[in-house]
Amino acid sequence: MRENSICSPVEFGLRLIGLWPNYAYAMIHRIFWTITMIFVLFFECVYVVKHIKTDELPDLMDSLTITLSNGLLFCKLIILWLNDRILEGILMTIAEDYDNNEKDNDRERMYNKVILSQRFASCTILLYSTTVILFSVSVIFAPERVPVLKMELPFDAMKSPIYELVSILQFLQELLFASTSGLLNGLIVTLMLHLGGQAEIMCQKLTNISPKIMKEKSCKDTLKSLIDSHERIINFSLNVESVFTYIALLQFLSNTLAICFSGFVIITVNMSFDSDQGLVILAKTLPYYTVVNLEAFVLCFAGEYLTSKNDRSSTFSQGKAIGEAAYTSTWYELKPNESRYFLLLILRSQKRLTITVGKFMDLSLEGFASILKASASYVSVLYAMY
């Protein structure tokens, strides 16, 4: 991998989960994550099953949200591990794009995308970590002794010093899980920004093309270079789609339920608890509710961003779409046998590049709105049952 082709937080996250190309300890990291996630999810699910009829509904919803988030993270890791060859090819394509772009302005454009993805990844990790810290602090200041995470452990975890030890381990474990979830969001944004940067570079080439430039260079080589660049963009998009389509499906379903459960807890907190306990639960639930909404928004925005880069009928603030750039170029000043290449380019641009939700629907901001609508509907049903 070329230095600076991937921002350092995302590179660290990929090494942590054993997905960085040619990383010597990748299998050890995967075994560690598998054992840890199975252990945590097993005792969380046992707790939910045992208390599904005995707990108050807000308490049950509170424990279900964390279980859903941890289960979603484990499913994401399994899907990424199963598609590690494709993901490695995606990362190597990013490194090759840095080598293929020799112009300084193109390199600067790509480097700016890396800086932007690094800022996003750093802010996401900070936000997720802050959420876990607030979650844990609210447990510490609770009126009565409760664990950080609700698990059905095979021993009494409420006695000292076992309670303190278990709480510290649960805090560190949840901090690791949350940071990894943030890094995976940073990975998606990194891939979308790179793809957008490549689309912008190609649009710039199409805008600057003219018969004068074609005469200075070999016409066939120039047109072949444009077609190859578009082919790389399409293949890159298809590889990203094959890796993240089922991740998007799981996250779409999980985030809908998580937003529903946490929203229900926020609505009923004043009705079910006294003022002090209600404030504690509110301080624990609101940051989590914000993060889950952000997680769903990032994925949907990534799909919207990808679509805008290839859709001829739309433009994005950072550059023209490929189809429109080809249409507005000076293709009409070329020879007929040369201009037909632009016709093929425009026709191929009519097929939208997008991330789908399990091959069912495109990820877009409209999909994010549907998540919020579905969650609000489920909250109203739970509230009526309550």
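Everything numeric here is computed off the predicted structure, so don't read it as measured data. (Residues numbered from 1 in each chain as written. Predicted model: local features only at pLDDT ≥ 70, side-chain atom pairs only at ≥ 80, totals over all residues. Heavy atoms only, no water.)

Caption draft 1: A look at the environment of Leu 68. Locating Leu 68 in the fold gives a position in helix α3 (residues 57–82). Separated by 27 residues in the primary sequence, Leu 68 and Leu 41 place their C-alpha atoms 9.3 Å from one another. For Leu 68, the contacting residues outside a window of four places in its chain are Ser 254, Leu 257, Ala 258 and Phe 261. (Helix = DSSP H or I, 4+ residues; strand = E, 2+ residues; numbered from the N terminus. Contact = heavy atoms within 4.5 Å.)

Caption draft 2: Representation of the nonpolar core within the structure. Core analysis: the largest hydrophobic core is formed by 85 residues, its most contacted members being Leu 14, Leu 80, Leu 191, Met 192, Leu 206 and Phe 244. The greatest single-element share of this core, amounting to 15 residues, is contributed by helix α6 (residues 162–208). Leave out the neighbours within four places in its chain, and Met 192 touches Val 240, Ala 302, Tyr 305, Leu 306 and Ile 355. With ten residues, the next largest nonpolar core counts Phe 264, Val 265, Val 379 and Leu 382 among its residues. (Core = buried A, V, L, I, M, F, W, Y, C linked by side-chain atoms within 4.5 Å. Buried < 20%, exposed > 50% of the residue type's maximum accessible area, 1.4 Å probe, protein only.)

Caption draft 3: Spatial organisation of the UniProt feature "transmembrane region" (unreviewed entry) in the protein. Under the feature "transmembrane region" (unreviewed entry), the UniProt entry names residues 31–52, 64–82, 120–142, 175–195, 243–266 and 286–306. Summarising residues 175–195: 100% helix, 0% strand, and an end-to-end C-alpha distance of 30 Å. Across residues 243–266, helical content stands at 100% and strand content at 0%; the span's end C-alpha atoms are separated by 35 Å. (UniProt positions renumbered as here; feature names shortened; annotations may be inferred.)

Caption draft 4: Highlighting the packing of helix α2 (residues 26–50) against α6. Contact geometry of α2 with α6 gives a least axis separation of 12 Å together with a crossing angle of 115 degrees. Where α2 crosses over α6, the two elements pack in a sense that is left-handed. On α6, the residues touching Phe 32, Trp 33, Thr 36, Met 37 and Val 40 of α2 are Gln 173, Leu 176, Phe 177 and Thr 180. Looking at side-chain class alone, the contact of α2 with α6 contains six nonpolar, three polar and no charged residues. (Axes fitted to C-alpha atoms, helices over the stretch in contact; angles between N-to-C directions. Left-handed = near helix turned anticlockwise from the far one by under 90°. Nonpolar A, V, L, I, M, F, W, Y, C, P; charged D, E, K, R; others polar.)

Caption draft 5: Representation of the side chain of Thr 65. Along the chain, Thr 65 turns up in helix α3. Look past the residues within four positions of Thr 65 in its chain and what remains in contact with it is Ala 258, Phe 261, Ser 262 and Tyr 288.

Caption draft 6: Structural context of the pattern of salt bridges. Under the criterion given, the structure shown has eight salt bridges. Between Glu 295 and Lys 76 there is a salt bridge, and its shortest N-O distance comes to 3.2 Å. Linking Glu 295 in helix α9 (residues 275–308) with Lys 76 in helix α3, this pair joins segments that are 219 residues apart in sequence. Residue Glu 295 shares its accessibility class with Lys 76, and that shared class is buried. (Salt bridge = Lys/Arg side-chain N within 4 Å of Asp/Glu carboxyl O.)

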